[in-house]
Amino acid sequence: MQMPNSLAILLCILGCACALNKIIDSPPNVIDVIARFNGSTEKYMNHEYIVSAVNSSHESDNVDVAMTPNEQQLFAYSLTKVQGRRCRQDLNSMLMAILSGQRWAIAMYDAMAKSATGIENGVLHQFGHFDECLDQQRFYANISDNNSTELLVHSKYCLVNIQMNGFTMQTIASRQKEALNRNGVGVVFARWGTCVPSTCNSTDIAVFLQNYIQRSVVNANESACQLSNFAIGRYELQVDRGTFIYAFVIFVFILLAILSTAYHGYLIYASNQADELSKRALRQEALTIALLSFSVIENTKKLFQASKDQMGLNSINGIKALAMLLILAGHALSFIYGSPTYNEAFVAEQTKTPTFAFLYNSLLFVDTFLLLSGFLFCRILLIELERRGGRINPLVLYVGRYIRLTPAYMAIIGFYMTWFPSIGSGPLWQERIVREQERCQASWWLNILYVNNYFNTDKFCMFQSWYLSVDTQLFFIAPIFIYFLYKVRKYGKPLLIVAVVCTISIPFVVTFVRNLDPTLLVYADELIDLPSNKYYIGYYIKTHMRASAYFIGLLTGFLAHLMQEKSTKLPKVLVRLTWLLSVVIGVASMFSIYLFYTSSFSTLDSVLYAGFHKIGWNLSVAWLVLAATTGHAGWLQKVLSSRIFVPISRLTYCAYLSNGLVELYHSSVVRYASYQSYVNLVNYMFSHIVDTFILAFVLCLLFESPIHALERILLRNAGRKENHTKSGENQSPSTSEEHVA
C-alpha cells in the first residue's frame, strides 16, 4: 500500500527537523567549528556557542591550533565578562579565527604579552609585539575570495597598567618605591602590551585582560591605545590645514635656499672669484646680502670659517661648544634613564657614584650658558655705549634679538604641532608624542612671547624651551644695569652687586620655605615626562631661580671690561691660587650631588646645596671666562680658542632647539627594554649628539643664518651701524655676540 505523497513529505520534514535540533543542541566540537568556520556567520559570534565549542575541544586530539587548551578556555571565559556587545562579538570572531588558523587572528594573539619576565630586575614594560599587532595591511593584501577568509577584526594596541602582586623589585630607580619597599608595602606595577579588537573601549580591555592574565588591571587608558590604519579607515597620511601650511612654509624656505644657492653658483661661475662676492657683501651692498642670505654655499662657508680674536672672545667658542656637548649628553642620559631598561640596576647604580655626576648633574652647564649670555651682553654693550657716546636705542636691541631667535624657534614648534606625530611609531609613541603635540598646540604663543616658564605650565611645550624664556626675560632688564655701569658707575656697581646677592639668596629661601629637593634629582619614574615633574615645572624653570648665573655673568663682563680698559694683569701667585680654588670649588659643586642619591637628606642639606652649589659653580665658570678673555689662562686659552670649536659654537642655539626632537623620537620609538652598559651608553649619547647637530646644521642653513643676514639689513636701515666690529666679515652666521644659546 503506497503512502500518500503529502504524508511522506510531512514525515520527511519532521525527521530532518529532529536531526537538526539534535545537532544544534549538542555542544559543537572545535574540529567541526574549524571545518565550517565562516566569520560572517552570526552563529560563531555568539559567545555562549564559542565557549561551548572551546570546552568540548579537549575531547579531540591533534588539534593544530596556536592556543593551548588552557589558553582557549581562559580567552573564552574572559570574553564572556566583557559588557560591550561589539567588543565581545569581535573577541568571539578573533578566537574562532585563531582556532581555524587564520593568520591575522594568530598575529593579534601572538602580539599580546602573555607572561611577565624580569619584573624583579626592573623590566616593567612588557610590550608584546607592537608592529605585529597593527600591521594588518599584509593580510589585507593577501586576501582573495578563493583562498582566504575576510579580515573580520581590526586591531588596536594598548598599554595597560597591571598590578604585579608578589613581586618586589631588587633595585629601584624611584625614591617613592624605595620608601614603600622599606616599609614592606611596596607594590609593583607593570605596563602590559595587549592587542585587542578596535571596537573594545578601555573598560572592555580592562575586564578582558584582568580575567585573561589573572592579574589586577589598575587602569586602561585610551590615550595609551593606537589603532591600525584599517581600524580608523586611513591608508594614507591625512594632511590637515595646519600641517599643509607648515609644509608650505618649509617648502618656501627650501626653495629660497635652492634659488639663492643657484644664484651664488652662477655668480661664482661668472666671476671665477668667489672672494669678490664676500667683498661686495662687506661693502654693505644690501641687494647682494639679501640675494645670498639663503645660499647654502655662503652660510656653510660662514659657519666653518675662523674669526679674528676680538676682545679675547675666541676662547668663548670652546667654552660654549664643550658646555653644549655635555648638556646634550646629559639630556641623552636622562631620556635613556626614563626609557624602558633591561637592567635598570646598572643605570640606578651610576647615580650613587661620583663618576658620572657631570652627566646627571649637567643642569649646571645650562647655568654656564646663562653666565656667558650675561657676560657677552655686558661686554659688548659697554663697548657700543662708549663708541656711540651712550646713545643706543634699547628697542632696536629687543627687536633685533626677537628677529634672530624666533624664526628658527617657530620652525621647531611648528614641527611639534604638525608633522612630529607622523614620523614614527611605537608602544609609547601615542602617549608621548601626541601629548607633546597637544601641549604645543595649546601654548605655542606663550613660547614665542618667551613667558611660557610662568604661564600655562601644565601645557609646557618643548621641555628645553624654558631657557629661552629665562634668557630673554633677563636680557630685557640687563640694559638697565649695563647703562648704569656706563653712565653712573658709582651707582651702577653697587646696584649690580645687590642684584647678584639677591639672586644668589633666592634658591636658599625658596628651598627652605617649600622644603624642596636640593636640585632636579634624576629618578627614572620622574623623568618619563619632565613637564609633569613638580620640581621641574614649579621651580627649576623659573627665572628667579636661575637669575644668579646671568647677573654673575654681567659682573664678570664688567670686570673684564675694566681689566682690558686698563690693561690690568693680575699677579701670578694670585692667578695660580684663584685657579686652584676655582677647580676645587667647581669639582665639588658638580660631583657632590651623588651624596643625595646614596643616603637620606634633611631640609638643611637641601638648602645648603641648593644655594652653594650654584654659587660655587658660577664663580668657577666666571673665573674661567675672565681668565680666558684677559690673558690669564695660558695654554687653556689656546685650546679653547681652537678653530675646531667654531662651528660647534655657532650651532649651539639650533642644537639646543633640535635636541628635544631627537630625544623624544629615540625614547618613543622603542619596542623593547634596552640593555645598558658603559659602551652602550657612550654609543647612545654619541649618536644622539650627532643626530642633534645634523638637524641643527639644517635649521641653521634654512632659518637662523638667512634671517640673521636679513636682520642686519633691516636694523641697519633703522639707523644701526652694521660694521660695529673690525671683523664683520667673520661674524657668526648664527646669532650675534650678545646672544648665547
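Before reading on, note that the structure itself is shown above.
All values derive from a computational prediction rather than experimental measurement.

## Notes on the pairing of strand β3 (residues 189-197)
Every regular strand shows the same layout, with side chains that alternate between the two sheet faces.
Thought 1: When you tally the buried positions in β3, you get 8 out of 9 residues, the bulk of the element.
Thought 2: As judged from the 2 bridges shared by strand β1 (residues 125-126) and β3, these two strands associate in the parallel manner. Note on β3: the bridge partner recorded for Gln126 is Trp192.
Thought 3: As paired elements, strand β2 (residues 155-163) and β3 share 9 bridges and run antiparallel to each other. Along β3, the bridge assignment pairs Cys158 with Thr194.

## Observations concerning helix α18 (residues 363-387)
Thought 1: For α18, spanning 25 residues, the distance from its first C-alpha to its last is 37 Å, which sits close to the expected 36 Å at 1.5 Å a residue.
Thought 2: Gly389 lies just past α18 and shows a positive phi near 65°.

## Considering the pattern of salt bridges
Thought 1: Scanning the model with the defined rule gives 14 salt bridges in all.
Thought 2: For Glu431, the salt bridge goes to Arg191, with nearest N and O atoms at 2.5 Å. Highlighted residues: Glu431 in helix α20 (residues 429-448) and Arg191 in strand β3, separated in sequence by 240 residues. Arg191 carries the same exposure label as Glu431, and that label is buried.
Thought 3: Between Glu711 and Arg404 there is a salt bridge, and its shortest N-O distance comes to 3.1 Å. Taken together, the positions of Glu711 in helix α32 (residues 678-717) and Arg404 in helix α19 (residues 394-417) put the pair 307 residues apart, joining distant regions of the chain.
Thought 4: Assessed through its relative accessible area of 0%, Glu711 is described here as buried.
Thought 5: Linked by salt bridges that have partners in common, Arg435, Glu436, Arg439 and Asp529 make up one network.

## Observations concerning the packing of aromatic side chains
Thought 1: Evaluation of the coordinates by the stated rule reveals 36 aromatic pairs.
Thought 2: Measuring from centroid to centroid gives 6.5 Å for Tyr483 and Tyr486, while their planes differ by 55°, and the two rings are tilted. Taken together, the residues span about one helical turn, with Tyr483 and Tyr486 both in helix α21 (residues 466-487) at a distance of 3 residues.
Thought 3: With relative accessibility at 22%, the residue Tyr486 sits in the partly exposed group.
Thought 4: On the numbers, 6.4 Å between centres and 80° between planes, the contact of Tyr550 with Phe551 is edge-to-face.
Thought 5: Phe551 sits in the buried class, given a relative accessible area of 5%.
Thought 6: An aromatic cluster of at least three residues, connected via ring pairs, comprises Tyr246, Phe415, Tyr416, Phe420, Trp429 and Tyr665.
Thought 7: Here the basic side chain of Arg401 rests over the ring of Phe475, its NZ or CZ set 4.5 Å away from the ring centre.

Rules used throughout
- Residues numbered from 1 in each chain as written.
- Predicted model: local features only at pLDDT ≥ 70, side-chain atom pairs only at ≥ 80, totals over all residues.
- Heavy atoms only, no water.
- Buried < 20%, exposed > 50% of the residue type's maximum accessible area, 1.4 Å probe, protein only.
- Helix = DSSP H or I, 4+ residues; strand = E, 2+ residues; numbered from the N terminus.
- Pairing = 2+ DSSP bridges.
- Expected span 1.5 Å × (residues − 1).
- Salt bridge = Lys/Arg side-chain N within 4 Å of Asp/Glu carboxyl O.
- Phe/Tyr/Trp six-rings, centres within 6.5 Å; stacked < 30°, edge-to-face > 60°.
- Lys NZ or Arg CZ within 6 Å of the ring centre and 35° of its normal.

None of the figures reported here should be taken as evidence of function without further support.
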